[in-house]
Amino acid sequence: MTQKIGRNAPCPCGSGKKFKKCCYGKDAFNQPKDYKEVHHVIPPYENIDYGKPLLDKKFFKKNTVHEISAQRLFYSNLLMPEIEALASEISNQMKDRGSKEAVVIENTEDVKELIAFMEKGLDSLNYEKLVKKLLRHKETSVPIIIEKLKQPKRHDFLEISIRVIHGSGVNYSEAILEIIRERERRAYPVSQLCMLLGFYQNDKSEKLLWDYYHYFKKHYNDETYSDGPLIALWEIQDRRKLH
């Protein structure tokens, strides 16, 4: 089911402006989408405030991640990339799917061409190959990927991007914070980018993660978006215990 949003209707992002004065014409609304997905658009971060973070034992005991969620699975993949690599290797041995695409990736060293593969979409069996190749050129690939993330992208592009950024071993938290605060209004990307923030030391992250956790918990209680910022808050708390 799709629904057209009138130009003079209130913008679904929650900004309080008319649609034509806010998100009209942006990619998030240009593409045909399920009605539910279109409305998983969140207000500007400046309109989200849940007070001062209080990361104590009571908070973490009361607030837990879902038993199964995309955020939790993705977090595990980032922590243990060797498992995903093994699964990818086994799958490629058993299937001929995506073999031509794999050959192109293996023979291409042009970073812009490789990132173009991400934008067009590629077979999931080749994600691991592409991530490895982009990490070989991480000094060039990561800045381009971060620039691309400033515009709405497909979920597979986002997830490959996060794998590359995390795998680079460089603290790109300032750039990620800027994307979340100023650029990204869709719930799923914000959730996953929040999760990535947890891996980096940055004093600016805690308040943002706290706010988005409570926002998702309140407004999307039937979804798992809250897992992204909550996992990141776990990471922050664990780091503090080590010091």
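Residues numbered from 1 in each chain as written. Predicted model: local features only at pLDDT ≥ 70, side-chain atom pairs only at ≥ 80, totals over all residues. Heavy atoms only, no water.

Q: What am I meant to see in helix α14 (residues 227–242) here?
A: Note on helix geometry: an α-helix contains 3.6 residues per turn, so any two residues three or four positions apart are oriented the same way. Over its 16 residues, α14 extends 23 Å from the first C-alpha to the last, a length consistent with the 22 Å expected when each residue adds 1.5 Å. Looking only at α14, the buried set comprises Asp 227, Gly 228, Pro 229, Leu 230, Ile 231, Ala 232, Leu 233, Glu 235, Ile 236, Gln 237 and Arg 239. Where the residues of α14 are buried, they touch α3 (57–62), α4 (70–79), α12 (187–197) and α13 (205–219). (Helix = DSSP H or I, 4+ residues; strand = E, 2+ residues; numbered from the N terminus. Expected span 1.5 Å × (residues − 1). Buried < 20%, exposed > 50% of the residue type's maximum accessible area, 1.4 Å probe, protein only. Contact = heavy atoms within 4.5 Å.)

Q: Teacher, can you tell me more about the packing of α4 against α12 here?
A: Two numbers describe a pair of packed helices, the interaxial angle and the distance between the axes. In the contact formed by α4 and α12, the axes pass within 10 Å of each other and the chain directions differ by 35 degrees. Handedness of the crossing formed by α4 with α12: right-handed. Only Tyr 188, Ser 191, Gln 192 and Met 195 of α12 make contact with α4, whose side of the interface consists of Ala 70, Gln 71, Phe 74, Tyr 75 and Leu 78. Taken together, the residues of the contact of α4 with α12 sort by class into six nonpolar, three polar and no charged. (Axes fitted to C-alpha atoms, helices over the stretch in contact; angles between N-to-C directions. Left-handed = near helix turned anticlockwise from the far one by under 90°. Nonpolar A, V, L, I, M, F, W, Y, C, P; charged D, E, K, R; others polar.)

Q: What am I meant to see in the packing of helix α10 (residues 155–167) against α12 here?
A: In contact at an axis separation of 11 Å, α10 and α12 are set at 10 degrees when each is read in the N-to-C sense. Classified by the angle their axes make, α10 and α12 are roughly parallel. Contact with α10, carried on its side by His 155, Leu 158, Glu 159, Ile 162, Ile 165 and His 166, involves Tyr 188, Pro 189, Gln 192, Leu 193 and Leu 196 of α12 and no other residues of that element. Considered class by class, the residues forming the contact of α10 with α12 number seven nonpolar, three polar and one charged. (Parallel < 35°, antiparallel > 145°, perpendicular 65-115°, else oblique.)

Q: For this particular structure, what's the right way to read the side chain of Gln 192?
A: Position of Gln 192 among the secondary structure elements: in helix α12. Excluding residues within four positions of it along the chain, Gln 192 makes contact with Ala 70, Gln 71, Phe 74, Leu 158, Glu 159 and Ile 162.

Q: Could you clarify how one ought to interpret the pattern of salt bridges in this entry?
A: Think of it this way: side chains of opposite charge can pair up when their charged atoms draw near. For the structure on display, the rule yields 13 salt bridges. Across the pair Lys 153 and Glu 119 runs a salt bridge whose closest N-O atoms are separated by 2.8 Å. Residue Lys 153 is found in the loop between α9 (138–148) and α10, and its partner Glu 119 is found in helix α7 (residues 111–120); the two are separated by 34 residues along the sequence. For Glu 119, a relative accessible area of 30% corresponds to the partly exposed category. Salt bridges here are not isolated pairs; linked through shared partners, they connect Asp 49, Lys 207 and Asp 211. (Salt bridge = Lys/Arg side-chain N within 4 Å of Asp/Glu carboxyl O.)

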